Amino acid sequence: MSVVGFDIGNENCVIGVVKQRGIDVLLNDESNRETPAVVSFGEKQRFLGAAGAASATMNPKSTISQVKRIIGRKFRDPSVQQDLRSFPFQTSEGPDGGILIHLQYLGETHTFTPVQILAMLLAHLKQIAEKNLEAAVSDCVIGIPCYFTDLQRRDFLHAAEIAGLKPLRLMHDCTATALGYGIYKTDFPKSGPSHVVFVDIGQCDTQVAVASFEPGHMKILSHAFDSNLGGRDFDEVLFRYFASQFTEKYNIDVYSNTRASIRLRQACEKLKKVLSANPEAPLTIECLMDEKDVKGFIKREDFEKLSSDLLERIRIPCRKALEDSGLTVDKIHVVELVGSGSRIPSIARVLASLFGREPSRTVNASECVARGCALQCAMLSPVFRVREYEVQDALPFSIGFLSNEGPISTRSNGVLFPSGHPFPSLKILTLHRHSTFHLEAFYADLNELPPGTSPKISSFMIGPFQVSHPETLKIKVKVQLNLHGIVTVESARLIENHRYDSRGSAHVTSDKMEIDNHTSSEVANDVEDSHSAAADETKMGKAIRRQDLPVTENVYGGMTKEELSQAQEKELQLVRQDIKVEQTKDKKNLLESYVYETRNKLLNTYRSFASELEKEGISRNLLQTEEWLYEDGDDESEKVYTEKLEDLKKLVDPIENRYKDEESRVEATRGLLNRIVEYRMAVGSLPATERDAVISECNKAEQWLREKTQQQDSLPKNTDPILWSSEIKRKGDALDAMCKHIMRSKVSAPRPEDSMESDHGNKQDDMRAD
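Peer 1: In this structure, what is going on with the overall build of the protein chain? I would like to understand it.
Peer 2: What the protein chain contains, in helices and strands, is 17 helices and 33 strands. Expressed as a percentage of the 770 residues in the protein chain, the buried residues total 48%. Sequence separation of 24 or more characterises 69% of the internal contacts of the protein chain that already satisfy a separation of 6 or more. Looking at the protein chain as shown, the accessible area adds up to about 38,700 Å², and 49% of this sits on carbon and sulfur atoms.

Below is the structure:
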């Protein structure tokens, strides 16, 4: 079993794996360390990762990329609508308000959710990992943005489950980077914590985290983000600039052509990288659209002027993260800049002016998240032993709970887990209820959330239950903010107290410390000892009845168990279809290769072993098969290709057998002659009778071989041999058996005079001993 870390980027994915000597990044089939986050549907099969990216230009409407942007989002969200307008694939609104993706596949229109698409991508990454490691992959840690909502986190877990993975943790990107940064550093001062700011500028977002490091310990002090600011926005600046230029210069509208837009965006992304190292860069695209070749040119300073608004936006999450951490700029020791969009020189200048120091690049900008996730997976998995290192993360959102009787918190705003609260965390609510009741989890501050996010998280129904004395009971509800950053009600327990007098009658006791259940409830931070359901205890005259209550969870917009099961079955069907298509391709390629190889061998290797009639028949069949492959047989089933190959082999196998047997016959003949020589030399010590018998068998074998060889040599090579190599080998085996039998009989049955001589010798030895 291996443990891996997945960094699912908006554009590319990286797989980190823990090995005995450290952490490594796995290569895909193209020997690249980054795998495109692309899923493309062909007519009969899917193309995932690099293969999907290769087919994106040819088949844009059935190619899904940037699925990370739309997972767990609502269709009518304004920012989602802005993204969807730039996507070539067709989408619609689902029954729950989510996003549905419509694609052509197997001649029909198929509908998928973003969770299913993400599951396909994860399954592909799992396959790459298993192929590299030659071992099963199940346990993993997946990197996610810190701004992911509860629903998005659940959708990632569902996608992993569909893909056959077992996520031990969903880890914030900056937290994973900080873990990989801190666990290997040994120069942290022991006098106090070191504060490091991590700025992660990805392809579609910007995340900032302030972390505190001490020996053996790491704590995230704050998170901040801009979920709509990333490297693609800088690409879009270049795209708009050149699209406008081409409209004026070449009279073409790139926006009207999906394929031309994709090609120009790809060229702008490459141009941005060139500008990161050069003061100016040209752009050239052949046959962009309307059969026109286009050329452009831009200077770095012009690009920075066009991107000035974006550069200013980078300051906002940096300032917020610093403010939420409670630190000042002079308390920051290091600023680490990572992410695929971080290589623009002007971004480093903005950060330098903000923090008063040049940002460092001591960690790998593209692989740091995957490496940190892999390291965290090793720490959580029993498979590896990792030195003790505590990781304390914080949630950037405030989560509150509400019941039908008001907010559940000691705070007036109903916040149970305030922004920046460390997780995992467990809180116990003590409530006074005497029948089934509901709890609602919600985000308390919309200003902390990405734009357009719904404040609703989930609802919980606790019950039904029955009580005999409502005045004497209380409900203990365990609310957990788990390792994934997901809030849930772990359990609920009814506790009922009775006090007995000497006659055994029950009296009601009131708990004066309990707060009135109509106003608020007491929030405790300690966890009670677990007891079996419906257990009755009697201690010091008091009977305590405990009963576990059923908890029913409803996640707003989440997948039901039935939908999850259907998605798993659908994925299995798609995998079977992909395997079937690949096997069919292999059979077709095998048939095509056989045609070309056989034609070449017929002219060279097999030329002497086939008659003119056989050559004509085989050549005619090869030509017919070749023409069929490129016409009617271009798209056939695996069975048809297999039958065609078998039919050709029936014609060619006799000739191939003649060719192969000629060489084998020489070796078999040499082997038999060597055996004859060996047995003739080995019989010198045998008695005359046995010696004559062995020599006689050798002479018979040699005579048979000489006669058969003469007959075979008189025949042409293009006829079936009368002496096959297998026949010679059988003759040699028979000679072996006969000679060994004769020689073994001699050893196992000594002559009487030999025994007498042996006894006489022993007696002489005995006499000498006396």
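Peer 1: Looking at this model, I keep getting lost on the pattern of salt bridges. Mind explaining?
Peer 2: Side-chain pairing between opposite charges can occur once the charged atoms of the two side chains come close. As enumerated under the stated definition, the model contains 33 salt bridges in all. For Arg675, the salt bridge identified is with Asp733, shortest N-O distance 3.5 Å. One end of the pair, Arg675, is in helix α14 (residues 638-682); the other, Asp733, is in helix α16 (residues 725-748), with 58 residues separating them in the sequence. For Asp733, a relative accessible area of 45% gives the class partly exposed. If you follow the salt bridges from partner to partner, you end up with Arg33, Glu367 and Arg371 in one network.

Peer 1: What exactly am I supposed to notice about a positive patch on the surface here?
Peer 2: Residues Lys270, Lys273, Arg343 and Arg361 make up a contiguous surface patch of positive charge. By the secondary structure assignment, Lys270 is in helix α7 (residues 258-277).

Peer 1: Please explain the sheet that holds strand β5 (residues 38-41) as it appears in this structure.
Peer 2: Sheets are built from strands that pair by backbone hydrogen bonding, the pairs being arranged parallel or antiparallel. Within the open sheet, the three strands sit side by side as β6-β5-β7. Their pairing is antiparallel. Strands at the two margins of the open sheet, each flanked by one partner only, are β6 (46-48) and β7 (63-65). Neighbouring strand axes in the sheet, compared pairwise and without regard to direction, differ in orientation by 15° on average. In the sheet, β5 pairs with β7 via three bridges, with the strands oriented antiparallel. In the strand pairing of β7, Ser40 is matched with Thr63. Each of β5, β6 and β7 is contacted by helix α3 (residues 114-133), which is oriented at about 105° to β5, the strand it contacts most. Of the strands in this sheet, β5 and β6 touch helix α12 (residues 561-603), which is tilted by about 95° from β6.

Peer 1: Where do I start with the packing of aromatic side chains in this structure?
Peer 2: The geometry of an aromatic ring pair comes down to the distance between the two centres and the angle between the two planes. In the structure shown here, the tally under the stated rule is 20 aromatic pairs. Ring geometry for Tyr241 versus Phe242: centroids 5.1 Å apart, planes at 80°, classification edge-to-face. On the basis of relative accessibility, which here comes to 26%, the residue Tyr241 falls in the partly exposed class. Pairwise contacts between aromatic rings join Tyr147, Phe148, Phe156, Phe225, Phe397 and Tyr443 into one cluster.

Peer 1: Explanation requested: the sheet that holds strand β23 (residues 422-423) in the structure shown.
Peer 2: As summarised here, the arrangement of the six strands in space is β18-β13-β14-β15-β19-β23, forming an open sheet in which the pairing is mixed. Among the strands making up the open sheet, the edge pair consists of β18 (334-338) and β23. Relative to β23, strand β19 (residues 390-394) runs antiparallel, the two being bridged by two bridges. The partner of Asp393 across the bridge, within β23, is Phe423. Along the sheet face, helix α10 (residues 345-355) touches β13 (194-201) and β18 and points at about 160° away from the line of β18.

Peer 1: Can you help me understand the nonpolar core in this one?
Peer 2: Ranked by size, the top nonpolar core spans 84 residues in total, and within it Ile8, Phe41, Phe401, Leu439 and Val477 carry the most contacts. It is α3 that contributes the most residues to this core, ten residues altogether. If you look at the next biggest cluster of nonpolar residues, it comprises 48 residues, including Ile201, Leu229, Leu238 and Val335.

Peer 1: Hey, could you run me through helix α5 (residues 173-182) in this one?
Peer 2: Helical periodicity: at 3.6 residues per turn, an α-helix aligns residues three or four positions apart in one direction. By the criterion of burial, α5 is predominantly enclosed, with nine of the ten residues buried. Listed as buried for α5 are Asp173, Cys174, Thr175, Ala176, Thr177, Ala178, Leu179, Tyr181 and Gly182.

Peer 1: Please clarify how empty space enclosed by the protein should be interpreted in this entry.
Peer 2: Any empty space left between the atoms is revealed when a probe the size of a water molecule rolls over them. In the structure shown here, the tally under the stated rule is two cavities of 30 Å³ or more. If you add up the space inside the second largest cavity, you get close to 30 Å³. Residue lining of the second largest cavity: Cys13, Val14, Ile15, Leu26, Leu27, Asn28, Asn32, Arg33, Glu34, Thr35 and Ile128, and that is the complete set. Element by element, the count of residues in the lining of the second largest cavity is highest for strand β2 (residues 12-19), at three residues. Class assignment of the residues belonging to the lining of the second largest cavity gives a composition of six nonpolar, three polar and two charged.

Peer 1: Got a minute to help me understand helix α6 (residues 231-250) in this structure?
Peer 2: Between its terminal C-alpha atoms α6 stretches 28 Å, which fits the 28 Å expected from 20 residues at 1.5 Å a residue. The complete set of buried residues in α6 reads Gly231, Arg232, Asp233, Phe234, Asp235, Val237, Leu238, Phe239, Phe242, Ala243, Phe246 and Tyr250. Downstream of α6 by one or two residues, Asn251 has phi in the positive range, about 60°.

Peer 1: Can you help me understand a negative patch on the surface in this one?
Peer 2: On the surface, Glu627, Glu631, Asp632 and Glu636 cluster together into a negatively charged patch. Structurally, Glu631 is set in the loop between α13 (612-629) and α14.

Peer 1: How should I be thinking about unusual backbone geometry in this particular structure?
Peer 2: Residue Pro424 follows Phe423 across a cis peptide bond; omega there is 10°. You can see Pro424 is positioned in the loop between β23 and β24 (425-431). Residue Pro464 follows Gly463 across a cis peptide bond; omega there is 5°. Note on placement: Pro464 falls in the loop between β26 (456-462) and β27 (473-481). With a phi angle near 55°, Gln66 is a residue other than glycine that sits in the positive phi range. Relative to the helices and strands, Gln66 is located in the loop between β7 and α2 (78-86). Backbone geometry places Glu134, a non-glycine residue, at a positive phi of 55°. Within the secondary structure, Glu134 is located in the loop between α3 and β11 (137-144).

Peer 1: Would you explain the side chain of Gln207 in this entry?
Peer 2: Tracing the backbone through its elements, the reader meets Gln207 in strand β14 (residues 206-214). Its relative accessible area of 2% is what places Gln207 among the buried residues. A distance of 2.8 Å separates a polar atom in the side chain of Gln207 from the backbone nitrogen of Cys146. At a separation of 2.9 Å, a polar atom in the side chain of Gln207 contacts the side chain of Asp173. Not counting residues within four places of it along the chain, the set of residues in contact with Gln207 comprises Ile144, Pro145, Cys146, Tyr147, Asp173, Cys174, Phe198, Val199, Asp200, Ala224 and Phe225.

Peer 1: In this structure, what is going on with the state of the cysteines? I would like to understand it.
Peer 2: A covalent bond between the sulfur atoms of two cysteines is what we call a disulfide. The final tally for this structure, using the stated rule, is zero disulfides. Sulfur of Cys698: no disulfide; nearest cysteine sulfur belongs to Cys739 and is 4.5 Å away.

Peer 1: Looking at this structure, how should I read the packing of α6 against helix α9 (residues 308-325)?
Peer 2: In helix packing, the relevant descriptors are the interaxial angle and the interaxial distance, both defined with respect to the helix axes. Where α6 contacts α9, the two axes come as close as 10 Å, and the packing angle between them is 165°. Between α6 and α9, the interaxial angle falls into the category roughly antiparallel. In the crossing of α6 with α9, the sense of the turn from one axis to the other is right-handed. Within the contact between the two elements, α6 uses Asp233, Phe234 and Val237 and α9 uses Leu310, Leu311 and Ile314. Residue classes in the contact of α6 with α9 are distributed as five nonpolar, no polar and one charged.

How each quantity is defined
- Residues numbered from 1 in each chain as written.
- Predicted model: local features only at pLDDT ≥ 70, side-chain atom pairs only at ≥ 80, totals over all residues.
- Heavy atoms only, no water.
- Helix = DSSP H or I, 4+ residues; strand = E, 2+ residues; numbered from the N terminus.
- Buried < 20%, exposed > 50% of the residue type's maximum accessible area, 1.4 Å probe, protein only.
- Contact = heavy atoms within 4.5 Å.
- Areas by Shrake-Rupley, 256 points an atom, 1.4 Å probe, with all protein chains shown as cover.
- Salt bridge = Lys/Arg side-chain N within 4 Å of Asp/Glu carboxyl O.
- Patch = residues over 30% accessible without salt bridge, like charges linked within 9 Å, V, L, I, M, F, W, Y side chains within 5 Å.
- Lys, Arg positive; Asp, Glu negative; His and termini not counted.
- Charge placed at Lys NZ, Arg CZ, Asp CG, Glu CD.
- Pairing = 2+ DSSP bridges.
- Axes fitted to C-alpha atoms, helices over the stretch in contact; angles between N-to-C directions.
- Phe/Tyr/Trp six-rings, centres within 6.5 Å; stacked < 30°, edge-to-face > 60°.
- Core = buried A, V, L, I, M, F, W, Y, C linked by side-chain atoms within 4.5 Å.
- 1 Å grid on protein atoms, 1.4 Å probe; cavity = no way out; pocket = protein on both sides within 12 Å on 5 of 7 lines; lining within 4 Å.
- Points joined across faces, edges and corners; volume = space filled by probe spheres on them.
- Nonpolar A, V, L, I, M, F, W, Y, C, P; charged D, E, K, R; others polar.
- Expected span 1.5 Å × (residues − 1).
- Polar contact = N/O pair within 3.5 Å; in protein donor to acceptor, adjacent residues only side chain to side chain.
- Disulfide = S-S within 2.5 Å.
- Parallel < 35°, antiparallel > 145°, perpendicular 65-115°, else oblique.
- Left-handed = near helix turned anticlockwise from the far one by under 90°.

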